[in-house]
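# Breakdown of the fold
Given next are the chains, with one letter for each unit.
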Amino acid sequence: MDLLYGVLVGPVRDMLSAPTFLAEVLIGGVAAGLMYSLVALGFVLIFKASGVFNFSQGVMVLFSALTLVGLMERGVPVVLALGLTIAVMVALAFAIERVVLRPLVNQEHIILFMATIGLNFFLEGLGEMVWGANVKKLDVGIPDESFKMAGILINKLEMTAAATAAILVAVLAVFFQRTKIGRALRAVADDHEAALSIGIPLRTIWVVVWSVAGIVAIAAGIMWGAKSGVQFSLSLIALKALPVLILGGFTSVPGAIVGGLIIGTGEKIGEVYWGPLVGGAIENWFAYVLALAFLLVRPQGLFGERIIERV
Amino acid sequence: MKARILTIALLALALTLAPWAGVALAQDKTMFIPLLVYRTGAYAPSGIPSANGFNDYFNLLNDRDGGINGVKLVFEECEFQYDTKQGVECFERLKSKHGGALLVNPFSTGVTYQLIPKAPVDKIVIHSAGYGMTASADGRWFPWVFNFPMTYWSQASAFVKYVGQQEGGMDKLKGKKIVHIYHNSPYGKEANPTLEELARRLGFELTLLAVDHPGQEQKATWLQVRRLNPDWIYISGWGVMNQVAVKEAAAHGMKMDHVIGNWWTGTEADVVPAGDAAKGYKSMTFHAPGAAFKVHEEIVKHVYDKGKGAAKREAVGEVLYNRTVITAMLNTEAMRTAMGKFGNKPLTGEQVRWGMENLNLTDQRLEQLGFKGLARPLRVTCENHEGNGVAAVQQWDGKQWKIVSDWIEPMRDVVRPKLEAAAVEEAKKLGYTMRDCSKEK
Amino acid sequence: MIYREAGQFKTSYAADQAVFPIVQDRVVVGAFLALAFLVPPMLASEYWLQAVLIPFLVYAMATVGLNLLTGYAGQVSLGTGGFMAVGAYAAFKLTTAYPGLSILLVFVLAGVIAAAVGIVFGLPSLRIKGFYLAVATLASQFFLIWLFNKVGWFVNYAPSGTITAPPRTVLGFMVTGPEATASARYVVALGLVVVFGVIAKNLVRGRVGRSWMAIRDRDIAAEIIGVRPLRTKLLAFAISSFYCGIAGSMLVFLFLGSAETLAFDINQSFLVLFMVIIGGLGSILGSFLGAAFITLMPIFLTNAPHVIGLSLPVALLKQIELMVFGGLILFFLIVEPHGLARLWQIAKEKLRLWPFPH
């Protein structure tokens, strides 16, 4: 009886007794969730357009942040550094298409997944070799102060990240639905061979997709790098973005945002109110369990494409 | 098709070449110390200055003094990326090279635990300075493992003493709120039993908050901290958790001079991302920071000016760099002590162990070595492999770390009994017997 | 010509259904096993045993386990590290609670406990498929690691939070604990791997294996013809976790000696998955080849520069190692997407015809 009370009633009373704190937790959760969405977007883009689960997305976030910071440290002004980084990520997309995707065209998904794992190791070593393994401060002019609004502490950096994520999602959603290239991308995701047969240039599409994913990686890298400094552990963020991905659906851009919001708030509320009951630090698995619970109801994620099974 | 045949041929070639790897080279009139380092990977920001300190001090001794009493030091690095399995592989590969390793600084609690059972079998001393298995400070059970100058439990008690001093007396601690934010691993949990014991004795409210590895997202933890509104915060972190913790502390409006990290959570790398917001952040330490000491001049003169410096010139004097320079000094002084008894020739593992156990570093000796003000005098005994080290609190002022407290003695009366009980338990697992120190004088 | 199997007639069904029907295969495998049992304990240095062969055996066991689940039954799982942890902690609790039990029996019991846990965490597979299932199994990975970190009972309330293998003997030889020689541990590990490898090989050739492959290839059609998905999938999870559990206890008792939860984290899961994919999905031999590739390649890459005489700073070496490792994975996938096992098969086919090209 005591146990039930402790699990079901206690935390809820806790939540309701301090509404401003609850609001802070919710806002914090939203902000964290949107930062996860930024990373999840990269996964979604590549999966949507080429059916490849890009294991190396986390390392691409790290690599782009390293390049940006590395250039800035050498005295390149911010805007030019940003432009050069975008150029580097586009060049990387070309290289990946040529070296990884073209020889493995039409292989099973798990083979392509493994190829991105090889890419992961390669980029890790390359990034560290070129830019060094120290922690680097990332300062692109985004302030990291907090201010109080109606008694709730709000962090400027997180709000900027949230806004960036929202804008990116809106732009990408329009891109996929309204433009010619967006349609072509969706066609390629559906069936490579069919798309080829109607004349869609597969290679160009893949380069475009991986470049866009690279740019999204830069955005994610900037936000997370500003938060914790640019260093190797940035690539581990991908693990936190995976529950967002499975909850929202692998192929849905708005799903990444909604998934991020749900996971972010769920995680924080779980940790703050239920965590102390079991000793804390439940954030990691709580997010996955939450995603799992949703999956049991909708096995393809909230907004994912319905998997039509045929005999 | 051709590619496949080529691949098969290459694989066959690789398999035949592999056994010839790792050929050992014998050297005479030298002593070998393997260096387990992590210059790449997630923990590289801490691993790089640590590795450089060792390199530079050993190079200094070889260059300026021709080694220790004429016997040169040979050292070889092995990169293990802070991964326990790779660390064990490094150790196994290096331990018989260059005439046999004498002493190793594992620089990772995980690897230390792996090597502790091997130490008496391979006859290699383990020096886990300020980390590792705290229970091994009881030298009666663990003759081959040393953790001087201080252990985590003593550090926690020193932290509480400092807080008491700041509050105006240990009796003023009653009713105060202290939060311990720790890395959710055995390392992070080390300080908890001591803190809980002291909370019971002194009456302060202790809250323990765990941060899951790797600790990149700590919002939930710091929201809880804000709700608690504690008087003091103690952080036992490692890797990216440190940088994020400092940033979050500042972002959530904590008074930075009431936030104190342990000695692995107070380095330059930890405050860099937070920038100006980290000003006022404090941490524990057992040595002084900065490059204003005589030994640094010597290192610059004999090592850097000759182009053999391991680090960037500005990195000389960083917290972790100093720490390993001091650790290297302690190792070499132990060897010198051993030579005093066994003669000026290359030593064996047993002899180095004796030297470590009978190390007596006085103020005068420290001054001779150029460590005056940087390190503290130290006395190691057979029972006490922790030595009589003391701690201090340093503060980051935006540009560098500065010591802002006196040297604090840990509460040995609280720590030692628990340590001895833990030692009995850990030694039983390994099937050790206790030795009688009085018989070994 | 070397590998001609013409002229080998079978006179009984049993002979025809043997695991190695070709005499050359039997001879080679037999010789190889004999060499494996006799040569390394006598001749190999401790470095080779401790840092190369024993980890290879431990990971081979885990890879066989994951291959059964992912390669044969088609359920992608990233919870391998968690199940290895279950096996390791279960073995630790069992052997400290009942010191008289033979350590081999303890391993098997630990595997059974891991199998039970595997069944529980395999339940989502009945509803979720493909990559979604992979990510869902991560829930089990993170939860199990958190559990072992949090609950002190699993480490017998040790202040250090690590589990240590207590000294245990088999037939009078010390096989675990600090006194055990690397040779003794190697022989025990090899024995376990051989026994369970044979069991796995026979499993996949029989009804169970065929039902797994049916579920993997066309699960709706399989259900229609009578393969029960619930039992088949859960059985796959159970047996796979059994193998991973034994691998986990081998990791702690025969390889490392002591471990904390960090030894079983997400990187382990990914590592074993890489071994499965590189070695070849759906192939027992492939599991061994993949495990060999991934455990030996980094060691080879670390030592190679020394052999050539190149002396680079260790950090640069490690980074180049990473790049080469990633590059090699890409290279192998492009050359042979179905893994090393397929390369081996092609080699055997070529040997059949050698010196003729076709």
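Residues numbered from 1 in each chain as written. Chains lettered and ligands numbered in written order. Predicted model: local features only at pLDDT ≥ 70, side-chain atom pairs only at ≥ 80, totals over all residues.

## Here we look at the overall build of chain A
A count of helices and strands for chain A gives 12 helices and 2 strands. Sequence-ordered secondary structure for chain A, helices as α and strands as β, is α-α-α-α-α-β-β-α-α-α-α-α-α-α. C-alpha extents for chain A along the principal axes are approximately 65 × 60 × 35 Å. Evaluated residue by residue, chain A yields a buried proportion of 54% over its 311 residues. (Helix = DSSP H or I, 4+ residues; strand = E, 2+ residues; numbered from the N terminus. Buried ≥ 20, exposed ≤ 12 C-beta atoms within 10 Å, placed from the backbone.)

## Considerations on the overall build of chain C
Within chain C one finds 14 helices and 4 strands. On C-alpha atoms alone, chain C measures out to a radius of gyration of 21 Å, which is about the 21 Å that the 2.2 N^0.38 rule sets for 358 residues. The dimensions of chain C, computed from C-alpha atoms along their principal axes, are 65 × 60 × 45 Å. Buried residues in chain C amount to 53% of all 358 residues. A separation threshold of at least 6 residues defines the contact pool for chain C, and within that pool the share at least 24 residues apart is 75%. (Rg over C-alpha atoms; globule rule 2.2 N^0.38 Å. Contact = placed C-beta atoms within 7 Å.)

## Quick look at the pairing of strand β13 (residues 392-396) of chain B
Residues and elements named next belong to chain B. Counting buried positions along β13 yields 5 of 5 residues, so the element is predominantly enclosed. Every second residue of β13 is oriented toward a common face, with A392, Q394 and W396 on one face and V393 and Q395 on the other, all of them buried. By the bridge criterion, 4 bridges tie strand β10 (residues 282-285) to β13 in an arrangement that is antiparallel. Each bridged residue has a counterpart across the sheet, and for S283 the counterpart in β13 is Q394. As judged from the 3 bridges shared by β13 and strand β14 (residues 401-403), these two strands associate in the antiparallel manner. When the sheet's bridge partners are listed, Q395 is paired in β14 with K402. Between β13 and β14, which pair antiparallel one after the other, the connecting turn spans 4 residues, and G398 there sits at a positive phi close to 105°. (Pairing = 2+ DSSP bridges.)

## Examining the interface of chain B and chain A
Contact with chain B, which involves 33 residues of that partner, is made by 31 residues of chain A. Counting residues per element, the ones that place at least two in the side of chain B that touches chain A are α2 (44-65), β7 (205-211), α9 (219-228) and α10 (240-251) of chain B. Here the side of chain B that touches chain A is built from residues that sort into 17 nonpolar, 10 polar and 6 charged. (Nonpolar A, V, L, I, M, F, W, Y, C, P; charged D, E, K, R; others polar.)

## Details of the nonpolar core
One finds V58(C) and M61(C) to be the most contacted residues of the largest nonpolar core, which totals 376 residues. For this core, the element with the most residues is helix α3 (residues 46-72) of chain C, which contributes 19 residues. Among the domains, domain 1 (28-150 + 290-379) and domain 2 (152-285 + 392-412) of chain B are the pair contributing at least three residues each to this core. Those residues in contact with M61(C) that lie beyond four places of it in its chain are L192(C), V193(C), F196(C), Y243(C), I246(C), A247(C) and M250(C). (Core = buried A, V, L, I, M, F, W, Y, C linked by C-beta atoms within 7 Å. Domains from an automatic or database assignment.)

## With respect to helix α5 (residues 103-122) of chain C
The terminal C-alpha atoms of α5(C) lie 28 Å apart, and with 20 residues this matches the ideal 28 Å at 1.5 Å per residue to within 8%. When α5(C) is considered as a whole, its buried residues turn out to be I103(C), V106(C), F107(C), L109(C), A110(C), G111(C), A114(C), A115(C), V117(C), G118(C), F121(C) and G122(C). (Expected span 1.5 Å × (residues − 1).)

## A few points about the pairing of strand β3 (residues 173-176) of chain C
Residues and elements named next belong to chain C. Relative to β3, strand β2 (residues 168-170) runs antiparallel, the two being bridged by 3 bridges. From the neighbouring strand, R168 faces β3, where its bridge partner is T176. As consecutive antiparallel partners, β2 and β3 are separated by 2 residues, and within that stretch L171 has a phi angle of approximately 55°, a positive value.

## Considerations on the environment of P357(C)
Position of P357(C) among the secondary structure elements: in the segment after α14 (340-353). Owing to 7 C-beta atoms within 10 Å, P357(C) belongs among the exposed residues under this scheme.

## So, the interface of chain A and chain C
Taken together, the contacts link 42 residues of chain A with 34 residues of chain C. The set of elements that each furnish at least two residues to the side of chain A that touches chain C consists of α5 (109-131), α10 (237-248) and α12 (283-297) of chain A. The dominant element in the side of chain A that touches chain C, judged by the number of residues it contributes, is α5(A), at 15 residues. Here the residues of the side of chain A that touches chain C are counted per class, giving 32 nonpolar, 7 polar and 3 charged.

## Considerations on helix α6 (residues 156-178) of chain A
All names here are of chain A. The terminal C-alpha atoms of α6, which comprises 23 residues, lie 33 Å apart, in line with the 33 Å expected from a rise of 1.5 Å per residue. Those residues of α6 lying buried are E158, A161, A162, A165, L168, V169 and L172. Contacts from the buried residues of α6 go to α2 (19-50), β2 (152-155), α9 (202-228) and α11 (253-278).

## Some points on the confidence of the model for chain C
Here chain C shows a mean pLDDT of 89. Residues at 70 or above account for 99%. ipTM for the predicted complex: 0.86, alongside a pTM of 0.89. (pLDDT = per-residue confidence, 0-100.)

## Side note on the environment of M223(A)
All names here are of chain A. Counting through the fold element by element, M223 comes out in helix α9. Sequence separation between M223 and A165 is 58 residues; the distance between their C-alpha atoms is 9.9 Å. With sequence-adjacent residues up to four places away left out, M223 is seen in contact with M35, L38, A161 and T164.

## Structural notes on the sheet that holds β14(B)
Residues and elements named next belong to chain B. The strand order β7-β6-β8-β9-β10-β13-β14 describes an open sheet built from 7 strands, whose pairing is mixed. Of all strands in the sheet, those bounded by a partner on one side alone are β7 and β14. Here the average twist between neighbouring strands, direction ignored, is 25°. Summarising the sheet, strand β9 (residues 259-261) and β10 pair through 2 bridges and their orientation is parallel. Considered in β10, the bridge of I260 is made with K282. (Axes fitted to C-alpha atoms, helices over the stretch in contact; angles between N-to-C directions.)

## Concerning the packing of α10(A) against α11(A)
All names here are of chain A. Close contact between α10 and α11 brings their axes to 8 Å; oriented N to C, the two are set at 120°. In terms of their interaxial angle, α10 and α11 are classed as oblique. Relative to α11, α10 is oriented so that their crossing is right-handed. Residues P243, V244, L245, L247 and G248 of α10 pack against G255, A256, V258, G259, G260, I262 and I263 of α11. Classifying every residue of the contact of α10 with α11 by side-chain character gives 8 nonpolar, 4 polar and no charged. (Parallel < 35°, antiparallel > 145°, perpendicular 65-115°, else oblique. Left-handed = near helix turned anticlockwise from the far one by under 90°.)

## Let's talk about unusual backbone geometry
The omega torsion across F148(B) and P149(B) is 15°, close enough to zero to call that bond cis. With an omega of 5°, the peptide bond between W354(C) and P355(C) qualifies as cis. Its place among the elements puts P355(C) in the segment after α14. With a phi angle near 60°, Y82(B) is a residue other than glycine that sits in the positive phi range. Here the phi dihedral of N229(B) falls at roughly 50°; this positive angle occurs in a residue that is not glycine. Take N229(B): it is sitting in the loop between α9 and β8 (232-236).

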